[in-house]
Amino acid sequence: MLELAGYRGRARELLSRAKASIGDVLEVKTDWGIVSGTLVPRYEHADGNHIVLKLKSGYNVGLSTSKLHGVTVMRKGEKPAFSPPKVPKSRTGLSRVLIVGTGGTIASRVDYRTGAVSPAMTAGELHALIPELSDIAEVVPEILFSILSENIGPAHWSKLSARIVTAVKEGYSGVVVTHGTDTLGYTAAALSFALRGIPIPVLLVGAQRSPDRPSSDATQNLIGAVSIAANAPFSGVYVAMHLSESDDGIALHRGTRVRKNHTSRRDAFLSVGVPLAAVWRRTGLEDVSPDLPPRGVKEAFKPAVSFDGHVALLKFYPSMPGSLISAASKNGARALIIEGTGLGHVSSQDIAAIRAYIRKGGFVCMTSQCINGRVDLKVYDTGRDLALAGVLPLEDMLAETALVKAMWALANTKGRVGAKSIMLENLAGEISTRRFPGRNQ
Ligand code: ASP
């Protein structure tokens, strides 16, 4: 309950009895006399023996409950409320861009009473906070979910993809998806498979700092993403996030090749094994990769928006027991992605369980814990044994992209055999077929 956030034990008892809430002005009788001040919240893990008041002087004082003789509410505090500014009117004659809100930090506000960040802003409120968007495009904000991205999964990917398919039919020039950064890479991969050949650009965008903080990256990321959605000459699914720690540009990452690499920096996202798709600056697009599909080609668009979540991703570690593989199988996993060591290895003691899993009809794919390079099961004994058992080496595919691809393949092909056979095909740039000069491949 927010009214007494952080209070527990004896302190909570005393405050509840007095019908006090955070923000109320209290008068507290103590061993040393009467103390009055505003009740402020405590941290979730604080002890239950203190009440904290903000005094008129601005200082906070913690009062031990063992020295208190009574609490009286002198004045009820005002409940903080957020009234968003009005959504600005778009200029006419601009491209139409749909902004689909799903939640995450980019759509969050800090609750300054508790310190918690929770998704509370609609795509419309975000638009209102960044009125410049209306000079770039005719922005249509819509909210699909309002959740942190760690709670997003295959069912959400289907719903989001289906909404974007409709947006194409509705004639939007591009779609921007605002999303939490934690699983942004997974959703980008999901959309890349579900919306193959899409004729417009789809930009996934997040923020490491909520838009109500001065250091937020939300404004620049959204302005860049909306500009690209409105005007870029190419189509496809991309992640659009800060290029560097400063506000000098937006990096555009291909949807199947991107990973969050830092817990808090604004330039947390990196393309793995491939160059950036493009860079956006206030002056326009730069370094656009020549292999990006052009905008507007409708014939290649073959949406397939279902996902089957029955796939497990296992990171191998020294001493991993084979029973983890049987456990995944018992848990209903129809396919298994393993993140092995180096060229794609697990301990020899795990191979029997993998063999048994494959015999029972599951398929197993190997990816690597190394950031760069390809899986190769032909070099070492363990690799050869894995290949003989029927494990598929997924080249340089990212493990999380492989997981999403298997979920998509199981739902959109005939049975496990069909799904297995497309794991080694490059469908959406997930396997790089070219080597890029200067890259550590
Ligand atoms: N946990 C948050 C999320 O992914 C973090 C963020 O948005 O940056 O939704």
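Residues numbered from 1 in each chain as written. Predicted model: local features only at pLDDT ≥ 70, side-chain atom pairs only at ≥ 80, totals over all residues. Heavy atoms only, no water.

Topic: the overall build of the chain
A count of helices and strands for the chain gives 11 helices and 21 strands. Along the longest, intermediate and shortest principal axes, the C-alpha atoms of the chain span 80 × 60 × 40 Å. Counting the 441 residues in the chain, one finds 51% classified as buried. Of the contacts formed within the chain by residues at least 6 apart in sequence, a portion of 70% connects residues at least 24 apart. When the accessible surface of the chain is totalled, it reaches about 19,900 Å², and 53% of it is carbon and sulfur. Charge-centre separation for the chain: the mean point of 52 positive side chains lies 4 Å from the mean point of 38 negative side chains. (Helix = DSSP H or I, 4+ residues; strand = E, 2+ residues; numbered from the N terminus. Buried < 20%, exposed > 50% of the residue type's maximum accessible area, 1.4 Å probe, protein only. Contact = heavy atoms within 4.5 Å. Areas by Shrake-Rupley, 256 points an atom, 1.4 Å probe, with all protein chains shown as cover. Lys, Arg positive; Asp, Glu negative; His and termini not counted. Charge placed at Lys NZ, Arg CZ, Asp CG, Glu CD.)

Details of the packing of helix α8 (residues 351-359) against helix α9 (residues 381-389)
For the pair α8 and α9, the least separation of the axes is 9 Å and the interaxial angle reads 15°. Here α8 is positioned roughly parallel relative to α9, judged by the angle of their axes. The chirality of how α8 crosses α9 is right-handed. Packed against α8, whose contacting residues are Ile351, Ile354, Arg355 and Ile358, the element α9 presents Thr382, Asp385, Leu386 and Ala389 at the interface. By residue class, the composition of the contact of α8 with α9 is 5 nonpolar, 1 polar and 2 charged. (Axes fitted to C-alpha atoms, helices over the stretch in contact; angles between N-to-C directions. Parallel < 35°, antiparallel > 145°, perpendicular 65-115°, else oblique. Left-handed = near helix turned anticlockwise from the far one by under 90°. Nonpolar A, V, L, I, M, F, W, Y, C, P; charged D, E, K, R; others polar.)

So, helix α5 (residues 184-194)
Of all 11 residues in α5, 10 are buried; the element is thus mostly enclosed. All of the buried residues along α5 are Leu184, Gly185, Thr187, Ala188, Ala189, Ala190, Leu191, Ser192, Phe193 and Ala194. At its buried positions, α5 is contacted by α4 (154-169), β11 (201-205), β12 (236-242), β14 (258-260), β15 (269-271) and α10 (399-412).

With respect to the sheet that holds strand β5 (residues 68-75)
Hydrogen bonding along the main chain pairs the strands of a sheet, whether they run parallel or antiparallel. Pairing within the open sheet is antiparallel, and its 5 strands lie in the order β4-β3-β2-β1-β5. The strands lining the two open edges of the sheet, one partner per strand, are β4 (60-64) and β5. Adjacent strand axes in the sheet meet at a mean angle of 35° when their direction is disregarded. As defined by bridge partners, strand β3 (residues 50-54) adjoins β4 across 5 bridges and the pair is classed as antiparallel. Across the sheet, the residue bridging to Ile51 is Leu63, located in β4. Of the strands in this sheet, β1 (25-30), β2 (33-39), β3 and β5 touch helix α1 (residues 9-17), which is tilted by about 60° from β3. (Pairing = 2+ DSSP bridges.)

Describing the pattern of salt bridges
The tally for this structure, following the rule as stated, stands at 19 salt bridges. For Arg163, the salt bridge goes to Glu142, with nearest N and O atoms at 2.6 Å. You can see Arg163 sitting in helix α4 and its partner Glu142 sitting in strand β9 (residues 138-143), a full 21 residues away along the chain. Note on Glu142: relative accessible area 25%, which makes it partly exposed. Two residues, Arg266 and Asp247, come together in a salt bridge whose shortest N-O distance is 3.0 Å. Of the two residues, Arg266 is situated in the loop between β14 and β15 and Asp247 in the loop between β12 and β13 (250-254); the sequence distance between them amounts to 19 residues. The structure contains a network of salt bridges with shared partners spanning Arg257, Arg374, Glu395 and Asp396. (Salt bridge = Lys/Arg side-chain N within 4 Å of Asp/Glu carboxyl O.)

A few points about α10
Helix length check: α10 (14 residues) gives 20 Å between terminal C-alpha atoms against 20 Å at 1.5 Å per residue, within 8%. Taken across its 14 residues, α10 has 12 buried, putting it largely inside the fold. Buried residues of α10: Ala399, Glu400, Thr401, Ala402, Leu403, Val404, Lys405, Ala406, Met407, Trp408, Ala409 and Leu410, and no others. (Expected span 1.5 Å × (residues − 1).)

Any link to function would need more than the numbers given here.
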